[in-house]
Amino acid sequence: MTIASLAMYPFLPLRSAFERLWDGVRSRISFDAPELDWDTDPLVACRSADLLLGQTCGWPLVTDLATSVRVIGTLDCDVDGVADGTYCSVLVTGTGDDLDELLRREDLVVAANSDDSLSGWISLRSVAFDHGATLDRVLCTGAHLASLEAVRSGRAHLAAIDAISFAHLGGDGVTVVGHGPRVPCLPLVTAMSSSDATVDELRSAFAASVRDPRLADACAALKIRDFIVRDLSDYQGISKLTEVW
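Residues numbered from 1 in each chain as written. Predicted model: local features only at pLDDT ≥ 70, side-chain atom pairs only at ≥ 80, totals over all residues. Heavy atoms only, no water.

Participant: How would you sum up the overall build of the chain? Please name residues and give values.
Facilitator: Secondary structure assignment for the chain yields nine helices and 10 strands. Against the globule reference of 18 Å for 245 residues, the chain gives a C-alpha radius of gyration of 18 Å, in line with a compact fold. Dimensions of the chain along its principal axes, counting C-alpha atoms only, are 60 × 35 × 30 Å. Residue burial in the chain is summarised as follows: out of 245 residues, 53% are buried. Contacts in the chain between residues at least 24 apart in sequence constitute 78% of all its contacts with a sequence separation of at least 6. Accessible surface, the chain as shown: approximately 10800 Å² in total, 47% of it carbon and sulfur. (Helix = DSSP H or I, 4+ residues; strand = E, 2+ residues; numbered from the N terminus. Rg over C-alpha atoms; globule rule 2.2 N^0.38 Å. Buried < 20%, exposed > 50% of the residue type's maximum accessible area, 1.4 Å probe, protein only. Contact = heavy atoms within 4.5 Å. Areas by Shrake-Rupley, 256 points an atom, 1.4 Å probe, with all protein chains shown as cover.)

Structure, rendered in structure tokens:
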């Protein structure tokens, strides 16, 4: 297996910390593991038969990847609203309106990183549905950072940002007006062909690495406080968010 990717949070200041964490994991497993790949799109990496480690969004996991990957677990982060490996998207605006006012606007433009994003689109649509609102004008930005910039610039009135991305990117120029539904944090996955022994080793190595005092500064930079074992079944409830639409 020749692909290892932790590129869902590809911010340059974090890369060296991710690489140190991965080196800690690699040192604890009994087989050769590649260095982290920052160039391959994370979803493309997760679709590869050569995937040793990937990180993906929960929505593609349950809709597209469920038959091609095995879930290893998730990283629990020391971020507001994150608890036991779950989080709520942060709803932000730059308009000064509250959430009810925003969702009543006839000219409402929302920014979304992608239409398969649990944090940036599915969660936002779920909140809108609960308020009896529809989201007709959508600016697809390609990334949470770009969604924040769209809100700051006034090109969009509202966006939902993954809580961990928001903690790393900062909320300057925007106001938090609400939160999305509570969902599991991003899954770490390996190819479906990975053996039980490989899955067990990866789980043990991640658990030991995030608790290693020698990696405490790297984990602090990444806001990681624990590793939690997860299976696919822990994510399948996500699909219920769209059943009422």
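Participant: Mind laying out the pattern of salt bridges, listing which residues take part and the relevant values?
Facilitator: On inspection of all chains with the given rule, the structure shows 12 salt bridges. For Asp97, the salt bridge is made with Arg105, and the minimal N-O distance between the two is 3.2 Å. Sharing partners across several salt bridges, the network here consists of Arg28, Asp212 and Arg214. (Salt bridge = Lys/Arg side-chain N within 4 Å of Asp/Glu carboxyl O.)

Participant: Which residues make up the sheet that holds strand S5 (residues 110–112), and what values go with them?
Facilitator: With mixed pairing, five strands are arranged side by side in an open sheet as S6-S5-S7-S4-S8. Taken across any chain shown, the strands that pair with only one partner, and hence form the sheet edges, are strand S6 (138–140) and strand S8 (175–184). On average, each strand axis in the sheet is tilted by 25° relative to the strand beside it, whichever way the strands run. Alignment of S5 against strand S7 (residues 158–161), held across two bridges, turns out to be parallel. The residue bridging Val110 from the neighbouring strand is Leu158, located in S7. (Pairing = 2+ DSSP bridges. Axes fitted to C-alpha atoms, helices over the stretch in contact; angles between N-to-C directions.)

Participant: Hey, could you go over helix H5 (residues 118–130) for me, with residue numbers and the actual values?
Facilitator: The element H5 is largely enclosed, with a buried count of 10 among its 13 residues. For H5, the set of buried residues is Leu118, Ser119, Gly120, Trp121, Ile122, Ser123, Leu124, Ser126, Val127 and Ala128. A positive backbone phi angle near 70° is found at Gly132, which sits one or two residues after H5.

Participant: Give me the layout of surface pockets: which residues, what numbers.
Facilitator: By volume, the largest pocket is sized at about 590 Å³. Mapped onto the lining of the largest pocket, the elements with two or more residues apiece are helix H2 (42–46) and helix H6 (144–153). Approximately 150 Å³ is the volume attributed to the second largest pocket. Val79, Asp80, Gly81, Cys88, Val90, Ala163, Phe166, Ala167, Val176 and His179 together form the lining of the second largest pocket. If you list the elements that add at least two residues to the lining of the second largest pocket, you get strand S4 (86–93), helix H7 (163–169) and S8. Tallying contributions element by element places H7 first for the lining of the second largest pocket, with three residues. (1 Å grid on protein atoms, 1.4 Å probe; cavity = no way out; pocket = protein on both sides within 12 Å on 5 of 7 lines; lining within 4 Å. Points joined across faces, edges and corners; volume = space filled by probe spheres on them.)

Participant: Would you mind going over H6 in detail, with residue names and values included?
Facilitator: The complete set of buried residues in H6 reads His144, Ala146, Ser147, Leu148, Ala150 and Val151. Positive phi appears at Gly154, one or two residues downstream of H6, with a value of about 90°.

Participant: An account of the side chain of His144 is needed here, citing residue identities and associated values.
Facilitator: By the secondary structure assignment, His144 is in helix H6. For His144, the side chain forms a polar contact with the side chain of Ser119, separated by 3.0 Å. Contacts of His144, omitting those with residues within four sequence positions, involve Asn113, Ser117, Ser119, Gly120, Ala160, Ile161, Asp162, Ser165 and Leu169. (Polar contact = N/O pair within 3.5 Å; in protein donor to acceptor, adjacent residues only side chain to side chain.)

Participant: Explain the nonpolar core residue by residue, including any values.
Facilitator: One recurring pattern in soluble globular proteins is that nonpolar side chains are buried together. If you look at the biggest cluster of nonpolar residues, it comprises 84 residues, and the most contacted ones within it are Trp22, Leu118 and Leu158. Residues in contact with Trp22, not counting those within four places in the same chain, are Ala4, Ala33, Pro34, Glu35, Leu36, Leu52, Leu53, Leu202 and Phe206. (Core = buried A, V, L, I, M, F, W, Y, C linked by side-chain atoms within 4.5 Å.)

Participant: I'd love a proper account of empty space enclosed by the protein, names of residues and values included.
Facilitator: One pass over the structure, following the stated rule, counts one cavity of 30 Å³ or more. By volume, the largest cavity amounts to about 100 Å³. As for the largest cavity, its lining consists of Tyr9, Phe18, Gln55, Thr74, Leu75, Cys77, Ile164, His168, Cys185, Leu186, Leu222 and Ile224. Of all elements in the fold, only strand S3 (69–77) and H7 reach the threshold of two or more residues within the lining of the largest cavity. It is S3 that contributes the most residues to the lining of the largest cavity, three residues altogether. For the lining of the largest cavity, the residue count by class is nine nonpolar, three polar and no charged. (Nonpolar A, V, L, I, M, F, W, Y, C, P; charged D, E, K, R; others polar.)

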